[in-house]
Amino acid sequence: MGTINAALGIISGALDADQQALNVVANNVANANTPGYTEEKPDWQQNQPLTIGGVSYGQGVTETGATSQRDRVLEERLNQQQQLASASGSRLTALNTLQALFTPDSGSSSSRAGDIGSDITNFFDSFSSLEANPTDNALRQNVLSTSGTLAGDISNAAASLNSQRAALDQETAGVTSQVNALTGAIAQLNQQIMTNSPTGDAGTLEDQRQQDLSQLSQLIGINQITTENNGLAITTTSGQLLLSEGTSYQLSTGMVNGVTDFFLGGTDITSQLALGGGSLGGDLTARDGDIPSALHSLDQLAYSISTSVNARNNAGTTLDGYTGSAANPVYIFSQPAVVAGSAAAMSVVMTDPNDVAAAGAGDGTGNNSNAAAMAAMANQGIVNGQTPTNYYSNFVTTLGATVSTVQTENTAQNASVTQLQTQNDALSGVNLNDEASAMTTLERSYQAASQVFAMLNTIMASAMNIGEQTTVS
Amino acid sequence: MQESGQRGERPKLKDLVVEASRALARLDTGRLEELALSCQALNRDLVLGDLGETNRETRAVLGAESKEAVGEMAVFARVLEATRANLHVMNRLRELREGRLEYGLPHRQPWRPTESGHGDN
């Protein structure tokens with residue numbers, strides 16, 4: 001009867017195994033819409049065969065549990081790409097705001113930062129006009145008017161940049177509490193996972209940990225290190241320990257030189273976080289790199305125009321016959337002492353149009369040589385060796401190129417995240433596609449896209465007559 | 001996208017490149033293969049078309065469109081590069097899972113990306 005019992009054992013074992021497998025499937029279906037849920041697949045173990053009279057009879061299978069279909073390496077790569085995409089995304093947002101500030105608005109009648117290019121032209125043109133009739137009061141008034149517009153637009157632009165920087169600073173400071181909450185939660189999950197599942201997959205606990213890691217990756221750049229018993233240590237991309245197994249280390253903030261800096265264990269890690277990725281990395285890059293760089297360019301422009309024009313006016317003769325001196329200078333703009341802060345402080349100090357020194361020193365008051373010299377400055381390399389218009393134009397062009405580069409990076413990184421998400425879903429999500437078909441899709445897409453790219457390249461080269469006209473099959 | 005051989009409104013090169021980048025991000029193989037056929041047809045028309053006035057005009061229009069699409073091509077190239085990196089990672093993972101990267105077991109040549117032909121190599 002041993003054989004019959006064994007046979008029944010096989011059947012009931014198979015039924016039990018089927019039932020447990022059905023439970024796993026039911027669990028998958030029930031969690032199909034749960035964010036971050038990873039599909040579980042039943043583990044089957046072959047039972048020891050029964051040997052009767054030298055013949056082995058199979059004893060069927062027993063379901064020994066469920067294993068989540070996840071791949072930590074893939075999930076980590078996905079997190080890394082998310083860090084990069086978040087960083088370029090938040091930097092791009094800041095850069096777009098910056099670029100909008102310097103974009104000319106043809107529909108607006110009021111003066112603004114976007115008009116600085118035409119302000120510079122109008123300012124130097126006003127001296128050309130004065131050159132033709134140096135005693136004309138209206139033309140002198142026009143010099144003061146164009147000076148005021150130029151100074152106003154530059155100082156307003158600097159104020160806007162400082163406001164944007166302050167807003168970004170506030171935003172970055174707010175990230176700290178989110179990072180600390182997430183590292184704390186991951187440390188707790190680590191503890192539970194290490195206690196309950198030191199050797200196997202921790203199922204939903206692991207899902208939660210992956211979700212928290214994904215959120216953390218969107219905020220800052222991190223590295224993950226697997227420790228013993230399914231534990232995890234997380235560092236910033238530059239190696240500062242954020243959490244190790246059950247212990248998390250809190251990020252703190254403090255004001256340094258007027259902006260929020262980030263500390264970990266008493267060490268200022270702001271510059272490392274800026275390079276690390278995540279939205280914090282992008283915001284810090286904009287706050288400490290892009291905006292100060294734009295501000296410096298404006299400062300340089302304001303400093304060079306103010307000091308050069310003031311020096312020239314001080315060397316000429318006013319309509320009242322006065323020539324300025326070091327002790328009693330005749331300036332058009334407020335005289336900056338250093339480059340830093342020149343843009344924000346730029347203003348017109350001259351109130352009397354007669355003080356515009358159109359005549360050269362020692363010439364009669366009706367002379368125009370100094371007005372001609374000031375008009376000629378428009379074509380001289382007075383701003384870091386460049387003409388004022390070229391300097392400003394280069395600044396705007398460089399800004400545009402930076403926006404374009406970051407836009408390209410962001411698009412590519414988001415595409416990469418989408419692709420990896422698709423692969424990850426195929427592997428770990430509740431999805432009918434299996435890993436092999438996902439891989440085939442990735443391979444076929446890459447091959448088809450490579451073909452499209454090669455053909456477009458040929459078409460464009462041919463159309464632009466850059467290269468030889470060739471066919472691509 | 002216009003079928004090969006049909007005459008009608010041709011999409012601008014810029015739109016075509018943007019569409020290709022989007023399709024690649026979504027891993028929409030079918031769409032990419034359609035786009036490849038469209039590009040093939042366009043290229044054939046351009047190369048094998050008569051050398052008369054119409055072809056010269058088309059070439060001039062495409063030349064202007066090509067200049068407009070340079071930025072979008074840079075994006076497409078970057079997405080293609082990211083895809084290649086992802087493909088590399090996925091292939092390495094597959095090999096790892098299949099135990100092919102164990103020391104001392106050189107079962108087969110490790111996977112290497114094929115020549116992409118997109119000019120980044």
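Keep in mind the model is a prediction, meaning the values are calculated, not measured. (Residues numbered from 1 in each chain as written. Chains lettered and ligands numbered in written order. Predicted model: local features only at pLDDT ≥ 70, side-chain atom pairs only at ≥ 80, totals over all residues.)

Visitor: Which residues make up the overall build of chain B, and what are the values?
Guide: The secondary structure content of chain B amounts to 4 helices and 0 strands. Secondary structure elements in chain B, listed N-terminal to C-terminal, are α-α-α-α. (Helix = DSSP H or I, 4+ residues; strand = E, 2+ residues; numbered from the N terminus.)

Visitor: I'd love a proper account of the overall build of chain A, names of residues and values included.
Guide: Assigned secondary structure in chain A consists of 11 helices and 13 strands. Counting every position in chain A, which comprises 473 residues, the buried fraction comes to 40%. Sequence separation of at least 24 residues holds for 67% of the intrachain contacts in chain A that already meet a minimum separation of 6. (Buried ≥ 20, exposed ≤ 12 C-beta atoms within 10 Å, placed from the backbone. Contact = placed C-beta atoms within 7 Å.)

Visitor: Lay out the interface of chain A and chain B with the relevant residues and their values.
Guide: If you look at the interface, chain A gives 43 residues, while chain B gives 45 residues. Only helix H2 (72–101), helix H10 (388–428) and helix H11 (435–463) of chain A provide two or more residues apiece to the side of chain A that touches chain B. Considering each element in turn, the side of chain A that touches chain B owes the most residues, 22 residues, to H11(A). Split into classes, the residues belonging to the side of chain A that touches chain B amount to 20 nonpolar, 18 polar and 5 charged. (Nonpolar A, V, L, I, M, F, W, Y, C, P; charged D, E, K, R; others polar.)

Visitor: Residue-level account of the sheet that holds strand S8 (residues 247–248) of chain A, with values.
Guide: Residues and elements named next belong to chain A. Strand order in this open sheet of 4 strands is S5-S6-S7-S8, and the pairing throughout is antiparallel. Strand pairing shows two members of the sheet lacking a second neighbour, strand S5 (222–226) and S8, which therefore form its edges. Relative to strand S7 (residues 241–244), strand S6 (residues 232–236) runs antiparallel, the two sharing 3 bridges. By the bridge assignment, alanine 233 is partnered in S7 with serine 244. (Pairing = 2+ DSSP bridges.)

Visitor: How would you explain the nonpolar core if you had to name every residue and give the values?
Guide: Ranked by size, the top nonpolar core spans 52 residues in total, and within it A:Ile154, A:Ala157, A:Leu298, A:Leu301, A:Ala302 and A:Ala343 carry the most contacts. Elements that contribute at least two residues to this core include exactly H2, helix H3 (116–132), helix H4 (137–196), helix H7 (278–315), helix H8 (342–345), helix H9 (369–376) and H10 of chain A. If you tally residues by element for this core, the top one is H7(A), at 10 residues. Apart from the residues within four sequence positions on either side, A:Ile154 is in contact with A:Ile116, A:Leu298, A:Leu301, A:Ala302, A:Ala343 and A:Met346. By size, the runner-up hydrophobic cluster in this structure holds 39 residues, among which are A:Met455, B:Val17, B:Ala82 and B:Met90. (Core = buried A, V, L, I, M, F, W, Y, C linked by C-beta atoms within 7 Å.)

Visitor: Give me the lowdown on the pairing of S5(A), citing residues and values where you can.
Guide: Residues and elements named next belong to chain A. Where S5 lies against S6, 5 bridges are found, and the strand directions are antiparallel. Residue glutamine 224 lies in a different strand from S6, and its bridge partner there is isoleucine 234. Count of turn residues in the S5/S6 antiparallel hairpin: 5 residues, of which asparagine 229 carries a positive phi of about 60 degrees.

Visitor: Quick rundown of unusual backbone geometry? Include the residues and the values.
Guide: Residues and elements named next belong to chain A. Look at asparagine 229: it is not a glycine, yet its phi comes out positive at around 60 degrees. Mapped onto the secondary structure, asparagine 229 falls in the loop between S5 and S6. According to the C-beta neighbour criterion, asparagine 229 is partly exposed, with 13 such atoms within 10 Å. Phi at asparagine 230 takes a positive value of approximately 70 degrees, unusual for a residue other than glycine.

Visitor: Explain the sheet that holds strand S9 (residues 251–256) of chain A to me, and be specific about the residues and the numbers.
Guide: Residue and element names in this part refer to chain A. Pairing is antiparallel in the open sheet, where 3 strands are placed in the order S9-S10-S11. Each of the sheet's edge strands pairs with one partner strand only, and the pair in question is S9 and strand S11 (267–268). Taken together, the 2 bridges between strand S10 (residues 259–264) and S11 define a ladder with antiparallel strand orientation. For phenylalanine 263, the partnering residue across the bridge sits in S11 and is aspartate 268.

Visitor: Please set out the packing of H2(A) against helix H5 (residues 204–219) of chain A residue by residue, giving values where relevant.
Guide: All names here are of chain A. Contact geometry of H2 with H5 gives a least axis separation of 7 Å together with a crossing angle of 25 degrees. On the basis of the axis angle, H2 is roughly parallel to H5. Considering the relative orientation of H2 and H5, their crossing is right-handed. Contacts between H2 and H5 involve Glu75, Asn79, Gln82, Gln83 and Ser86 on the former and, on the latter, Gln210, Leu213, Ser214, Ser217 and Gln218. Looking at the contact of H2 with H5, its residues break down into 1 nonpolar, 8 polar and 1 charged. (Axes fitted to C-alpha atoms, helices over the stretch in contact; angles between N-to-C directions. Parallel < 35°, antiparallel > 145°, perpendicular 65-115°, else oblique. Left-handed = near helix turned anticlockwise from the far one by under 90°.)

Visitor: Pulling in residues and values, what's your account of the confidence of the model for chain B?
Guide: Residue and element names in this part refer to chain B. Mean pLDDT over chain B: 74, with 65% of residues reaching 70 or higher. Below a pLDDT of 50 lies the segment residues 1–7, which in the model reaches 9 contacts outside its immediate sequence neighbourhood of four places, other chains included. Segment residues 115–121: pLDDT under 50, and 15 contacts once partners within four positions in sequence are set aside and those in other chains are kept. Across the interface, the model reports ipTM at 0.77; the global pTM reads 0.74. (pLDDT = per-residue confidence, 0-100.)

Visitor: Talk me through the environment of A:Ala448; I want residue IDs and the actual numbers.
Guide: Of note, A:Ala448 is situated in helix H11. For A:Ala448, a count of 23 C-beta atoms within 10 Å gives the class buried. Each residue touching A:Ala448, except ones within four places of it in the same chain, is listed here: B:Thr29, B:Leu32, B:Glu33 and B:Ala36.

Visitor: Report on the packing of H4(A) against H7(A), specifying residues and quantitative values.
Guide: Residues and elements named next belong to chain A. Relative orientation of the contacting elements H4 and H7 amounts to 165 degrees, with a least axis distance of 10 Å. Our classification of the angle between H4 and H7 gives roughly antiparallel. Crossing geometry of H4 relative to H7 is assigned as left-handed. On H7, the residues touching Ile154, Ala157, Ala158, Leu161, Gln164, Arg165, Leu168, Asp169, Glu171, Thr172 and Val175 of H4 are Leu280, Asp283, Leu284, Ala286, Arg287, Ile291, Ala294, Leu295, Leu298, Leu301 and Ala302.

Visitor: Describe the pairing of S6(A), listing the residues and the values that go with them.
Guide: Two faces belong to every sheet, and in a regular strand the side chains alternate between them. Of the two faces of S6(A), only one is covered, namely that formed by A:Leu232, A:Ile234 and A:Thr236; the face formed by A:Ala233 and A:Thr235 stays uncovered. Hairpin connection of S6(A) to S7(A): 4 residues between the antiparallel strands, including A:Gly239 at a positive phi of 100 degrees.

Visitor: Tell me what's going on with helix H1 (residues 13–25) of chain B, and back it up with residues and numbers.
Guide: Residue and element names in this part refer to chain B. With 13 residues, H1 extends 18 Å from end C-alpha to end C-alpha; this agrees with the ideal 18 Å at 1.5 Å per step. Among all positions of H1, only Leu13, Leu16, Val17, Glu19, Ala20, Ser21, Ala23, Leu24 and Ala25 are buried. Positive phi shows up at leucine 27, right after H1, with a value of about 55 degrees. (Expected span 1.5 Å × (residues − 1).)

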